[in-house]
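Now for the letters of each chain:
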Amino acid sequence: MKRMGRFGLDALTGLWRAGVVAAVTVLVPAMWAAAVALAVLWSDNPWSWIPLVMLPAVGSLGLAQPVCRWVRSLVARWTGTVIEPGYREPPPVTQLSTGYWWNGYTYASSAKQARQEQEWRHKLRDPATWRDLRFAEIVALTAGLASLVPLAGIAVAVAGFATSSYVVGGLGLLAAIGTAPYAWRLLEPVAVRFLRPPPPSLADRVDELTAQRANTTIAQAAEIRRIERDLHDGAQARLVALGLSLATAEKLMDTDPRQAKALLQDARAGAATSLTELRELVKGINPPVLNERGLVDAVRAFALDSPLEITVDAEPVSLDPPIESAVYFAVVELVTNAVRHAEATSATISISRTPDLVVVVEDNGRGGAVIRAGGGLEGLHRRLAAFDGTVAVTSPAGGPTRVRMTVPCESS
Amino acid sequence: MRILVAEDLYLLRDGLVRLIEAYGHQVVATAGTGPETLDALLTLQPDVAVIDVRMPPTQSDEGLRAALAARREIPGLPVLILSQHVEQLYARELLADGTGGVGYLLKESVFDADQFVDALERVAAGGTAMDPAVIAKLLSSGPTTRRLDRLTEREHDVLALMAEGLSNQAIASRLFLSESAISKHTTALFGKLGLTDNDTSNRRVLAVLAYLNN
């Protein structure tokens, strides 16, 4: 009885899933059918070939990606098999010194226009687009057809019972129930075989590194500009004012000693302020503790100064300075996000070598953090990518947010 | 007082020596590296040592490590650490042994020579001198902030100055209040924080710092 019940449940879920698979995979063939139907309908019109060619061409390109996205999510939900999307990242859109925007392919006068122009060019060059297109056809002819079997059985059963041919109806029902638990299962092997991106080739790697190098160069240039501006408007200006005060004080020393004394006091206050500004600037370039004590103590020192209650769980690690600096600023950014966006009150930071460097930052905030193009997390991801590092974010709405960063290190 | 000056930058070292001597104290030795500093601390046992955090050979925290090592050998050996930046982490390490005779100031604190020499004398006498920047961080970070919510603004000011290492008399003159007003505030804030007031001001400061560090 229990086994019967389970089989019944399997058949019902199977039937539902077969229906979903059929609905998703039939989209592309249905559009072809529509094109043919239109062509037939307008057969006396000399332009009737237009829908026959245009509709499948444009429609397949537009539909393939959503179909593949749905298939990936269905396979992941039903079987737990995760298929990476494997789309290429579009190259960054950057403003050149001439004021124009460069998107990796063309120049445009605004960032928005550059992004729009980039979208289709990038898609057409991405092998994943063509993989999606091929898959949309293959899946319709394999998993799509297979999932139609139980549905056809149901149709036969309905037709049979309606016309009182109970034998035909019974056979149809039997076929539907018998095949339902299995019919949708073809989706997984087909998706794994035809939708999974091929292992990255050397050429892909070269493309990735080229993009990373461009990113790093741009980020560095922006950083240097910021430092120059800060020094120019801050310390340099203050030192000029300081020199002025001293020169005036020197002049007034004999004639108006009281005024001279006041100027000297101003000069002293100015010197103290420039020191404070320089200290902040230095901290933003490379925090002194990082230099003096390394990553773990720098993170501890940062945790102590934070308004959050932070527990640091770390083993001593020794790393190359560039990696230390990148990871330190990543941690700082994550904690700042936790305070600013997630309204967290406490956080834990753990640092370990396994032998890759693994840093996990978790807060008790309200979650909902996503890696968005142009967002802070994406920038963080890009900075770590320069060291082949990866960032994984789990942040359900309502929290907690957990970010795991991994940077490969040669064991020393 | 017999004073050791450990600082690797010649200009600063020279300036410090001149400033200290202008106030009538004696500089018994100068050091420019971490090992030299440790050696001078242990052999000369100065009344107080002014030590820069970052020194050769590694240009990391040589000075701080020399000071901590010397104080492990000779507990309570008075040291005043100078740095371009202050970190709670280092302050905690310096205060961890609870013996006092510790100072930790930003380098620009020498701009106010009177206050600087005052701090130096306080440390030599076994007291503490913590930079206002460290105390501000201690008071405003992490769980401490909430515990200090119960204090009035004035009590908060008094607590901050006390944590820097100042005596009631010094706090009174900084805040332009009478000494009796200050002692009223201290009694009130000690009550609120659940600390027992101590007669000697050094031990009282250490109790406050221990409370904030916790």
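Up top you'll find the structure we're talking about.
Residues numbered from 1 in each chain as written. Chains lettered and ligands numbered in written order. Predicted model: local features only at pLDDT ≥ 70, side-chain atom pairs only at ≥ 80, totals over all residues. Heavy atoms only, no water.

**Here we look at the sheet that holds strand β6 (residues 128–130) of chain B**
Residue and element names in this part refer to chain B.
Item 1. Reading across from one edge, β2-β1-β3-β4-β5-β6 is the order of the six strands in this open sheet, with parallel pairing throughout. Sheet topology places β2 (26–31) and β6 at the edges, where each strand pairs with a single neighbour. Taken pair by pair, the neighbouring strands of this sheet meet at an average axis angle of 20 degrees, ignoring direction.
Item 2. The sheet contact formed by strand β1 (residues 2–6) and strand β3 (residues 48–52) spans four bridges and is parallel. Pairing of Ile-3 across the sheet is with Val-48, part of β3. (Pairing = 2+ DSSP bridges. Helix = DSSP H or I, 4+ residues; strand = E, 2+ residues; numbered from the N terminus. Axes fitted to C-alpha atoms, helices over the stretch in contact; angles between N-to-C directions.)

**Some remarks on the nonpolar core**
Residue and element names in this part refer to chain A.
Item 1. Formed by 93 residues in total, the largest nonpolar core has its most connected members in Ile-351 and Met-405.
Item 2. Element by element, the count of residues in this core is highest for helix α12 (residues 321–340), at 10 residues.
Item 3. Non-local contacts of Met-405, meaning those with residues more than four positions away in its chain, are made with Ala-330, Val-331, Leu-334, Leu-357, Val-358, Val-359, Val-361, Leu-380, Leu-384, Thr-390 and Val-391. (Core = buried A, V, L, I, M, F, W, Y, C linked by side-chain atoms within 4.5 Å. Buried < 20%, exposed > 50% of the residue type's maximum accessible area, 1.4 Å probe, protein only. Contact = heavy atoms within 4.5 Å.)

**Some details on the pairing of β3 of chain B**
Working note: regular strand, side chains alternate between the two faces of the sheet.
Residues and elements named next belong to chain B.
Item 1. Extensive coverage of β3 is indicated by the burial of five of its five residues.
Item 2. Pairing of β3 with strand β4 (residues 79–83) involves four bridges; the strand directions are parallel. Across the sheet, residue Asp-52 finds its bridge partner in β4, namely Leu-82.

**Notes on the pattern of salt bridges**
Between side chains of opposite charge, a pair can form as their charged atoms come close.
Item 1. All told, the structure shown has 23 salt bridges over all chains when counted by the stated rule.
Item 2. With its nearest N and O atoms 2.7 Å apart, the salt bridge here joins Arg-383 of chain A to Glu-333 of chain A. Highlighted residues: Arg-383 of chain A in helix α13 (residues 376–385) and Glu-333 of chain A in helix α12, separated in sequence by 50 residues.
Item 3. Taking relative accessible area as the criterion, Arg-383 of chain A reaches 39% and is therefore assigned partly exposed.
Item 4. The closest approach of N and O atoms between Asp-97 of chain B and Arg-71 of chain B, which form a salt bridge, is 3.2 Å. Here Asp-97 of chain B, found in the loop between α4 (88–95) and β5 (102–106), pairs with Arg-71 of chain B, found in helix α3 (residues 62–73); they are 26 residues apart in sequence, far enough to count as distant.
Item 5. Using a relative accessible area of 39% as the deciding quantity, one classes Asp-97 of chain B as partly exposed.
Item 6. According to the relative accessible area criterion, Arg-71 of chain B is buried, its value standing at 3%. (Salt bridge = Lys/Arg side-chain N within 4 Å of Asp/Glu carboxyl O.)

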